[in-house]
Structures are given as C-alpha cells and as structure tokens.
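Architecture at a glance
Each chain is listed here by its residues.
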Amino acid sequence: MSSLSRARVARRIAAGAAYGGGGIGLVGAAAVGVVLAEVRLAKRQVGNGSAYAPRADGLYGHAYAGADEPPLRLTVLGDSTAAGQGVHRARQTPGALLAAGLAAVAERPVELSNVALPGAQSDDLDRQVALTLADPARVPDVCVIMIGANDVTHRMPPTRSVRHLASAVRRLRTAGAEVVVGTCPDLGTIEPVQQPLRWLARRVSRQLAAAQTIGTVEQGGRTVSLGDLLSPEFEENPRELFGPDNYHPSAEGYATAAMAVLPTVCAALGLWPADEERPDVSRREGFLPVARAAAEAASEPGTEVTAAMPTGPRGPWALLKRRRRRRLPTTDTTTTPAPLN
C-alpha cells in the first residue's frame with residue numbers, strides 16, 4: 001500500500017474517531033475468520049514467559065540529587081510493553097530506561113511513575129489518565145504512552161481506539177503535561193504468527209499507527225513510530241530482542257525502543273540540541289500535511305511527528321523528523337530506583 005493510500009485510510013479512521021464513527025474496519029470481513037483462527041493458533045504458542053512486570057517507580061539520577069531544580073516527573077501509560085512485561089529487573093523496563101536517560105540529559109533527578117496495565121486496550125487509558133492526574137499538584141512534566149497491540153488482537157474498532165487515545169492526550173496536555181506516544185508496534189514480527197495473519201497484522205498495525213499519529217498530533221502530542229523501527233531488528237535478531245514468550249521484547253528489545261523514544265521525550269521538554277530541531281532536508285525531514293506525515297512515519301524506522309502549522313492547503317500540518325538514536329546511559333547511579341515518598 002502506498003503512503004498516499006495509507007494517508008487516506010489513516011485520515012478516514014481519525015475522522016471517524018473525531019466525529020463518533022465506529023464502522024471503519026482495518027481488514028475486510030472475508031478475512032476475519034482466517035485472522036481469528038490464526039490469532040488463536042498464535043496465542044496457543046505464546047505465553048511460556050512470565051506475566052510479571054517489574055515495578056520500576058522511583059527516583060532516578062541520584063547523582064544529580066543536589067541540583068537546584070526539583071526532579072522532573074515522568075509517567076508511563078499503556079499496555080504490557082509500557083509496563084515492561086517479559087523482563088525480570090526494574091532497570092530493564094522502558095520506563096526505567098527512559099527515566100535514566102532523561103536524568104542524564106537534563107542533569108537532574110527524574111521521578112518515574114508507571115500506571116500501565118498488561119493486557120490493556122486503549123479504553124483503559126481513561127482510567128490511567130485519571131490516576132496520573134489524581135493529584136493536581138503533581139502533574140507530570142512528560143507522559144509516554146505505548147498502546148495499540150491489544151486493540152488489534154481484540155479487534156477494537158480503530159476509530160474507537162484512536163478516540164480513546166486522542167482523549168487521553170487532550171486531557172494530559174490540558175493539564176500541562178507534554179505527551180509522547182509510541183504508536184502501535186508491528187505485530188507482523190511476532191514469530192508464532194503465520195501467514196496470512198503475518199501480512200494482515202503488519203498492514204493493520206501500520207494503519208492504526210498512522211491513525212494514532214493523526215489523533216495524537218491534533219491534540220498537541222508527539223509520536224514515535226515504534227513498530228517499524230523495531231521490526232527489521234526483531235526479524236534479524238528474534239532470539240535477542242524477543243523475551244521468553246516470543247511476544248514481548250527482551251531487555252535488549254526494550255532498550256532499543258527506549259533509545260527510539262528518548263530523543264523525542266527530551267525534545268518535548270526543550271532538552272535536545274537546538275541544531276537538531278531544525279528539519280534536515282538531506283534526511284527527508286520537513287513539513288507535511290498531518291495525514292501524509294503519519295503515513296510516512298508508519299513505514300519509516302524511528303520517525304517522529306509533531307504538530308507544526310495549525311492549518312495548510314490540505315488541513316493541519318506536522319513536522320516529520322528522523323532523529324538519530326543514541327546509546328542510553330548505563331551508569332548504576334541513574335538506573336537504580338529509590339522508593340518514592
């Protein structure tokens with residue numbers, strides 16, 4: 001499917017979410033029976049790993065505890081990937097990796113709170129946002145949301161999925177938090193998934209990711225395309241980047257995802273070098289209609305999309321950037337959480 005076709009599909013899904021539609025499907029009805037049969041087969045093969053997600057809440061960046069400024073607040077929302085299911089140590093979860101990296105870049109402590117729920121679909125974001133904003137005096141500086149895979153596997157209508165995500169982003173932005181969304185991962189990389197589900201899973205994952213991007217950017221958030229960043233590496237190194245259940249990322253897989261999201265988190269907080277904020281034409285960065293930017297991001301590794309000009313000849317516009325991935329800090333002082341008071 002071309003980027004223009006993906007843009008049209010994503011725009012239709014996002015429009016349906018905005019105006020209350022719910023009947024736009026990601027795959028034809030004739031494929032549903034095959035998809036469900038393959039999903040059941042895949043689920044029988046998945047699940048040998050632990051359902052445990054380490055609790056990583058705490059204070060990161062102890063080396064900067066004497067800084068004049070108070071700790072930055074980072075909250076992670078979403079599903080099992082956001083929670084860090086599949087690894088055994090708190091410091092291996094994406095939230096801990098992001099908190100450690102953010103502390104090193106900002107040179108100040110970072111307070112991490114993770115309200116993600118393994119198995120969650122986008123409709124659980126309403127509850128997670130309520131938890132996040134329960135104390136008006138402790139609104140996060142930045143929130144990272146990773147959601148979408150369970151929406152696909154449970155056949156949640158994409159318009160409904162995007163509607164819940166957009167609502168969550170709007171509530172968090174209204175409260176004063178920056179928001180970065182890691183869009184739907186590429187489910188076509190999961191080893192137990194066989195054809196024709198593998199092709200369908202990849203297609204619907206990309207379509208949902210593009211629609212999530214439109215819904216997020218229109219509410220003032222930023223997105224990073226996780227699925228297409230990780231899929232080539234997962235396909236080449238499945239034993240290293242997948243956990244024991246062949247479904248959730250391993251510690252190396254989560255580190256790869258965190259490296260993709262960290263630059264955008266830093267940029268959202270104004271911490272990224274100014275010279276890297278300018279579009280680089282040689283890397284095909286620039287301003288595009290939001291639907292076009294969303295479609296390109298869904299098929300390009302590690303691409304960030306953020307709101308730009310409020311309107312253009314073809315509607316809202318966005319800035320598309322392909323940020324360089326950087327190695328995360330590995331010092332013990334930034335990766336060991338301390339209990340919050």
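What counts and what doesn't
- Residues numbered from 1 in each chain as written.
- Predicted model: local features only at pLDDT ≥ 70, side-chain atom pairs only at ≥ 80, totals over all residues.
- Heavy atoms only, no water.
- Axes fitted to C-alpha atoms, helices over the stretch in contact; angles between N-to-C directions.
- Helix = DSSP H or I, 4+ residues; strand = E, 2+ residues; numbered from the N terminus.
- Parallel < 35°, antiparallel > 145°, perpendicular 65-115°, else oblique.
- Left-handed = near helix turned anticlockwise from the far one by under 90°.
- Contact = heavy atoms within 4.5 Å.
- Nonpolar A, V, L, I, M, F, W, Y, C, P; charged D, E, K, R; others polar.
- Pairing = 2+ DSSP bridges.
- Core = buried A, V, L, I, M, F, W, Y, C linked by side-chain atoms within 4.5 Å.
- Buried < 20%, exposed > 50% of the residue type's maximum accessible area, 1.4 Å probe, protein only.
- Expected span 1.5 Å × (residues − 1).
- Bend = angle between axes of the 7 residues up to and from the residue.

Brief notes about the packing of helix α4 (residues 94-106) against helix α11 (residues 251-268)
Relative placement of two packed helices is described by the angle separating their axes and the distance separating the axes. For the pair α4 and α11, the least separation of the axes is 9 Å and the interaxial angle reads 45°. Comparing the axis directions of α4 and α11 gives the class oblique. For the crossing formed where α4 meets α11, the hand is right-handed. Contact with α4, carried on its side by Pro-94, Leu-97, Leu-98, Gly-101, Leu-102 and Val-105, involves Tyr-254, Ala-255, Ala-258, Val-261, Leu-262, Val-265 and Cys-266 of α11 and no other residues of that element. Among the residues making up the contact of α4 with α11, the classes are represented as 12 nonpolar, 1 polar and no charged.

Here's the deal with the sheet that holds strand β7 (residues 286-289)
Read from one edge of the open sheet, 9 strands run β1-β3-β2-β4-β5-β6-β8-β9-β7, paired in mixed fashion. If you trace the sheet from one side to the other, it starts and ends with β1 (58-60) and β7, each paired once. Geometrically, the sheet is characterised by an average inter-axis angle of 25° between neighbouring strands, direction not taken into account. As paired strands, strand β4 (residues 142-146) and strand β5 (residues 178-182) are joined by 5 bridges and run parallel to one another. Residue Met-146 lies in a different strand from β5, and its bridge partner there is Gly-182. Contacting β2 (72-78) and β4, helix α5 (residues 125-132) runs over the sheet at an angle of about 160° to β2.

Points about the nonpolar core
In this structure, Leu-74, Leu-102, Val-144 and Val-261 are the most contacted members of the largest nonpolar core, which totals 36 residues. Of all the secondary-structure elements, those providing two or more residues to this core are β2, α3 (80-83), α4, β3 (110-114), β4 and α11. It is α11 that contributes the most residues to this core, 10 residues altogether. Ignoring sequence-local partners within four residues, the contact set of Leu-102 consists of Leu-72, Glu-107, Val-110, Val-142, Leu-262, Val-265, Cys-266, Leu-269 and Leu-271. Counting residues in each nonpolar core, the second largest holds 15 residues, with Val-129, Cys-143, Ala-168 and Val-169 among its members.

Description of α11
Given a rise of 1.5 Å per residue, 18 residues ought to cover 26 Å, and the 25 Å separating the end C-alpha atoms of α11 matches this to within 8%. The axis of α11 is deflected most strongly, by about 30°, at Val-261, and proline Pro-263 appears within four residues downstream. Counting buried positions along α11 gives 14 out of 18 residues, so the element sits mostly inside the fold.

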